[in-house]
Amino acid sequence: MTTLPGGSLLNQRLATASLLVAILLASLFLPWGGLFPVLIMFMLGVSAWEWGTLAKLEADSRRIAYVIGILALFLIALWFYDQITGFALRIATLVFWFWILLIPILVRYPETQPLFQNRGVIAFLGGIILLSTACGLLWLKAQEHGAWLVLCLIAIVSIADSGAYFTGIRWGKNKLAPQISPGKTLEGLYGGLLANFTFAITLLFGLNMDPQHSFVIVFVILLTSLVSVEGDLLESAIKRAQGVKDSGTFLPGHGGVLDRIDGVCAATPCFIFCVLFFSLG
């Protein structure tokens, strides 16, 4: 019988995850309208600092400047939110296609490793990815039933990650991307998709939706689940290319904030694209 490695580490991960879920639920559903943007801004700042590590901005002054620049752009986006909503959504759509086009680049790793060694390219990608994620989450929250849309997105990514983790430990044999992340397996990928398929079916029974919408919901959840894996692979590819072991240690048992939201970064533009294309909400 297969046992889970690192029981104390697993307990630490569960404790941290429980705290994060409580904070997320409070920001989404408590009647304090400004709590969610504050949470997003805080996570954006920490993530930008950690992304500076990935880009090897070793001097604190450079990393601080990088964080300030990203936060300043985010505040500008908030200030002009009503005027640039359409523009922000077009950016989110472009970023979705970026993640799709990233697939062959990741597949060809390590041939494409020099791309991930360019500090300027990595810093620029970090700004685009982190800002599009933050703005995308705010846009989702502002929609009708927005809190549930955000919660659904986070649930899809978390279920994909957990399903892949436990399935990979129990049955993982065939490597998904050995040159990038040796620990990931095809069995883990299938386990995450199966877990999200189960989530989709459970959601459909709870919402009592008609067959036509049921197919769309299952498709969106599985596509978002699949795309979320790219976020983890991208971060792993950058770490390997830059010779960086960890992006941070902010979250006990999980590492850095980026290690928790890399999947969300990839999944958010995909989810928004689907919400718009299929008029979900």
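Residues numbered from 1 in each chain as written. Predicted model: local features only at pLDDT ≥ 70, side-chain atom pairs only at ≥ 80, totals over all residues. Heavy atoms only, no water.

(A) Up close: the overall build of the protein. The secondary structure content of the protein amounts to 10 helices and 2 strands. Based on the C-alpha atoms only, the size of the protein along its principal axes is roughly 55 × 55 × 35 Å. Put simply, the protein has 281 residues, and 45% of those count as buried. Across the protein, every contact between residues at least 6 apart in sequence was considered, and the portion connecting residues at least 24 apart equals 74%. Of the roughly 14,500 Å² of accessible surface on the protein, 69% is carried by carbon and sulfur atoms. Here the protein contributes 16 positively and 15 negatively charged side chains, and the mean placements of these two sets differ by 7 Å. (Helix = DSSP H or I, 4+ residues; strand = E, 2+ residues; numbered from the N terminus. Buried < 20%, exposed > 50% of the residue type's maximum accessible area, 1.4 Å probe, protein only. Contact = heavy atoms within 4.5 Å. Areas by Shrake-Rupley, 256 points an atom, 1.4 Å probe, with all protein chains shown as cover. Lys, Arg positive; Asp, Glu negative; His and termini not counted. Charge placed at Lys NZ, Arg CZ, Asp CG, Glu CD.)

(B) Main features of the environment of Leu194. Counting through the fold element by element, Leu194 comes out in helix H8 (residues 186-207). A residue is classified by how much of its surface remains accessible, and Leu194, at 54% relative accessible area, is exposed. Sequence separation between Leu194 and Leu57 is 137 residues; the distance between their C-alpha atoms is 39 Å.

(C) How the structure looks around the state of the cysteines. The final tally for this structure, using the stated rule, is 0 disulfides. The closest cysteine sulfur to the non-disulfide-bonded Cys265 is located on Cys135, 12 Å from its own sulfur. This cysteine, Cys270, is not joined by any disulfide, and Cys274 carries the nearest cysteine sulfur, 4.4 Å off. Given the relative accessible area of 0%, Cys270 is considered buried. (Disulfide = S-S within 2.5 Å.)

(D) Representation of unusual backbone geometry within the structure. Put simply, Tyr109 and Pro110 share a cis peptide bond, and its omega is 15°. On the secondary structure map, Pro110 appears in the loop between helix H4 (81-107) and helix H5 (113-117). Non-glycine residue His145 carries a positive phi angle of around 60°. Of note, His145 is situated in the loop between helix H6 (119-142) and helix H7 (146-171). A residue is classified by how much of its surface remains accessible, and His145, at 48% relative accessible area, is partly exposed.

(E) Highlighting the pairing of strand S2 (residues 181-185). Pairing of strand S1 (residues 175-177) with S2, which is carried by 2 bridges, proceeds in the antiparallel orientation. From the neighbouring strand, Ala177 faces S2, where its bridge partner is Ser181. (Pairing = 2+ DSSP bridges.)

(F) A look at the nonpolar core. Membership of the largest hydrophobic core comes to 72 residues, with the highest contact counts inside it found for Trp51, Trp99, Phe116, Leu140 and Phe271. Leave out the neighbours within four places in its chain, and Leu140 touches Gly146, Leu149, Val150, Leu153, Phe271, Ile272 and Val275. (Core = buried A, V, L, I, M, F, W, Y, C linked by side-chain atoms within 4.5 Å.)

(G) Structural context of the packing of H8 against helix H9 (residues 211-242). Here H8 crosses H9 at 150°, and the two axes come no closer than 9 Å. Classified by the interaxial angle, the pair formed by H8 and H9 is roughly antiparallel. Considering only the axes of H8 and H9, their crossing is right-handed. Within the contact between the two elements, H8 uses Leu189, Gly192, Leu193, Asn196, Phe197, Phe199, Ala200, Ile201, Leu203 and Leu204 and H9 uses Ser214, Ile217, Val218, Ile221, Leu222, Ser225, Leu226 and Val229. Partitioned by chemical class, the residues of the contact of H8 with H9 number 14 nonpolar, 4 polar and no charged. (Axes fitted to C-alpha atoms, helices over the stretch in contact; angles between N-to-C directions. Parallel < 35°, antiparallel > 145°, perpendicular 65-115°, else oblique. Left-handed = near helix turned anticlockwise from the far one by under 90°. Nonpolar A, V, L, I, M, F, W, Y, C, P; charged D, E, K, R; others polar.)

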